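A structural walkthrough
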Amino acid sequence: MTRTTRQVLFWSGAALLTALAIRALIQLPPFGHYRGPYGDIINHVALPERHTPESVAAVNFDYRGFDTLGEEYIFLAAVTGTLLLIRTQRSEHEGKAVDKARDRHIPPTSDALRALGAILFGYSLLTGAYIVCHGHLTPGGGFQGGVILASAFFYIYLSSEYEPFHHLVPIPALEVIEVVGAGGFVVVGILGLLVRAAYLQNVLPLGRPDSLLSAGTLPVLNVLVGTEVCAGWLLVLSEYLRQTLLVRGPHEHR
Amino acid sequence: MSVLTGIILVFLVVMGTAVVLTRDPLPQALVLSVFGMLLSLLFLALQAPDVALSETVIGAVTVPLMIVLALAKVRDESGTP
């Protein structure tokens, strides 16, 4: 293909795309204006029907709970695939967790940093647990809280060494916890099918609105998702860390 | 559109350009993190706190962290400090 042909092809394609994009942009509703009845209906029925002021949670875990189940398993598949990809190859071996940059001088960790790490670890655990448990009352939920819970463990690594972090994060246990979280979502769905009429239909009492134990299965599903996401992220990130710190290629012997 | 939204949008355009113009991956991961933080501020200003939280934990924390860890591994393999 000559240069001229390529240019003609590119510019005609670009012109067509620009024209279509402009046409689509002109037909967009004005900024901040919402057309479509779905959101308004949910806003009106979520509180009386599901006893939750968080209509986002009501959509995610109840009205559209089946979609969230799909997302759960996308996450599970992604975590599994990542772990499979970055596993230790046959030609590699595990070394000691020592800094490999020889020209870098590392000062010993100060007590202040250790104390700060411990405080932030507890604080992040608490924040994560709070966001998971209050997913049906305030913004946030299983996914966001789960990631915060997982990142809390990194304060241990950042304020000390790899070893204490590694002991706190046992890989086989995490794998079990992750699968329990993912499988629990399916089980709650099947309960709805058995006790009521449809998959993921609420089987628990709705409770008083705005209390911690309300909105039926919403908090249960949130905790399950939080468990799965926390374990999944910890698995992926600790495996990344292990790859970086421990795994050596075939020609590295140290 | 409120003034706040407008200001954040302008900052987002500046930060997005900065992410593209930063060519070295390590600083780029950090600029990307600031971009994610700004994006979550925009979601907050548009009254979507759920999305803002997700964007903070993913865009501002996890993705840059994964990039930095992957970079550490890759640089280590290639032998450059």
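Before any of the text, the structure's been laid out above.
The structure contained in this document is the topic of the report that follows.

Rules and cut-offs
- Residues numbered from 1 in each chain as written.
- Chains lettered and ligands numbered in written order.
- Predicted model: local features only at pLDDT ≥ 70, side-chain atom pairs only at ≥ 80, totals over all residues.
- Heavy atoms only, no water.
- Helix = DSSP H or I, 4+ residues; strand = E, 2+ residues; numbered from the N terminus.
- Rg over C-alpha atoms; globule rule 2.2 N^0.38 Å.
- Buried < 20%, exposed > 50% of the residue type's maximum accessible area, 1.4 Å probe, protein only.
- Contact = heavy atoms within 4.5 Å.
- Areas by Shrake-Rupley, 256 points an atom, 1.4 Å probe, with all protein chains shown as cover.
- Lys, Arg positive; Asp, Glu negative; His and termini not counted.
- Charge placed at Lys NZ, Arg CZ, Asp CG, Glu CD.
- Core = buried A, V, L, I, M, F, W, Y, C linked by side-chain atoms within 4.5 Å.
- Buried area = accessible area lost by both parts, 1.4 Å probe.
- Salt bridge = Lys/Arg side-chain N within 4 Å of Asp/Glu carboxyl O.
- Polar contact = N/O pair within 3.5 Å; in protein donor to acceptor, adjacent residues only side chain to side chain.
- Nonpolar A, V, L, I, M, F, W, Y, C, P; charged D, E, K, R; others polar.
- 1 Å grid on protein atoms, 1.4 Å probe; cavity = no way out; pocket = protein on both sides within 12 Å on 5 of 7 lines; lining within 4 Å.
- Points joined across faces, edges and corners; volume = space filled by probe spheres on them.
- Disulfide = S-S within 2.5 Å.
- Expected span 1.5 Å × (residues − 1).

Before going further, it helps to spend a moment on the overall build of chain A. A count of helical and extended segments in chain A gives 10 helices and two strands. Reading chain A from its N end, one meets helices and strands in the order α-α-α-α-β-α-α-α-α-α-α-β. For chain A, whose C-alpha radius of gyration is 25 Å, the value lies well above the compact-globule estimate of 18 Å for 254 residues. Dimensions of chain A along its principal axes, counting C-alpha atoms only, are 70 × 65 × 40 Å. Counting across all 254 residues of chain A, residues that qualify as buried make up 38%. Restricting to contacts in chain A with at least 6 residues of sequence separation, those with at least 24 account for 72%. Accessible surface, chain A: about 15,000 Å² in total, of which carbon and sulfur atoms supply 68%. Taking the 18 positively charged and 20 negatively charged side chains of chain A as two groups, their mean positions are separated by 9 Å.

Time to look at the nonpolar core. In this structure, A:F165, A:F185, A:W233, A:L234 and A:L241 are the most contacted members of the largest nonpolar core, which totals 45 residues. Considering each element in turn, this core owes the most residues, 15 residues, to helix 10 (residues 218-245) of chain A. Excluding its chain neighbours within four sequence positions, the residues that come into contact with A:F165 are A:F153, A:F154, A:I156, A:Y157, A:S238 and A:L241. One finds B:I8, B:M15, B:L38 and B:L42 within the second-largest nonpolar core, a separate group that totals eight residues.

Okay, the interface of chain A and chain B next. Every contact between the two is made by 21 residues of chain A and, on the other side, 18 residues of chain B. With both sides pooled, the region where chain A packs onto chain B buries about 1,800 Å², and carbon together with sulfur makes up 72% of that total. Joining chain A to chain B, the criterion identifies zero salt bridges. For the interface between chain A and chain B, the tally reads three residue pairs in polar contact (both at pLDDT 80 or more). For the side of chain A that touches chain B, the secondary-structure elements that each account for two or more residues are helix 6 (142-152) and helix 10 of chain A. Broken down by element, the side of chain A that touches chain B gets its largest block of residues, seven residues, from helix 10 of chain A. Across the side of chain A that touches chain B, the residue classes tally to 13 nonpolar, five polar and three charged.

Those residues of helix 3 (residues 55-63) of chain A lying buried are A:S55, A:A57, A:A58, A:V59, A:F61 and A:D62. The secondary structure elements touched by the buried residues of helix 3 of chain A are helix 2 (37-50), helix 4 (65-85), helix 9 (171-195) and helix 10 of chain A.

By the secondary structure assignment, A:I86 is in the loop between helix 4 and strand 1 (93-94). In the structure, A:I86 is positioned 130 residues away from A:G216 in sequence and 40 Å away in space, judged by C-alpha atoms.

Computed from the structure, the second largest pocket encloses a volume of approximately 1,100 Å³. Around the second largest pocket, the lining is made up of 40 residues, and of these A:V56, A:N60, B:A48, B:D50 and B:V51 lie nearest the centre.

So, about the side chain of B:D50. Of note, B:D50 is situated in helix 3 (residues 49-78). In this structure B:D50 is buried but unpaired, with A:R64 as the nearest side chain of opposite charge at 16 Å. If we ignore the near neighbours within four places in the chain, the residues touching B:D50 are A:E54, A:V56, A:P139, A:G140 and A:Q144.

Time to look at the state of the cysteines. All names here are of chain A. In this structure the tally under the stated criterion is zero disulfides over all chains. C230 supplies the cysteine sulfur nearest to C133, a cysteine that is in no disulfide, at a spacing of 12 Å. Note on C230: relative accessible area 11%, which makes it buried.

Take helix 10 of chain A next. For helix 10 of chain A, which comprises 28 residues, the first-to-last C-alpha distance of 40 Å matches the rise-based estimate of 40 Å (1.5 Å per residue) to within 8%. Most of helix 10 of chain A sits out of view: 25 of its 28 residues are buried.

Residues and elements named next belong to chain A. Overall, the coordinates contain two salt bridges over all chains when judged by the stated rule. A salt bridge links E239 to R242; its shortest N-O distance comes to 2.8 Å. Separated by three residues within a single helix, E239 and R242 lie in helix 10, roughly one turn from each other. According to the relative accessible area criterion, R242 is buried, its value standing at 10%.

Now for empty space enclosed by the protein. Residues and elements named next belong to chain A. Using the criterion set out here, one finds one cavity of 30 Å³ or more in the structure. What the largest cavity holds in volume is close to 40 Å³. Taken together, Y162, F165, H166, V169, I171 and S238 make up the full set of residues lining the largest cavity. Residues belonging to the lining of the largest cavity are distributed by class as follows: four nonpolar, two polar and no charged.

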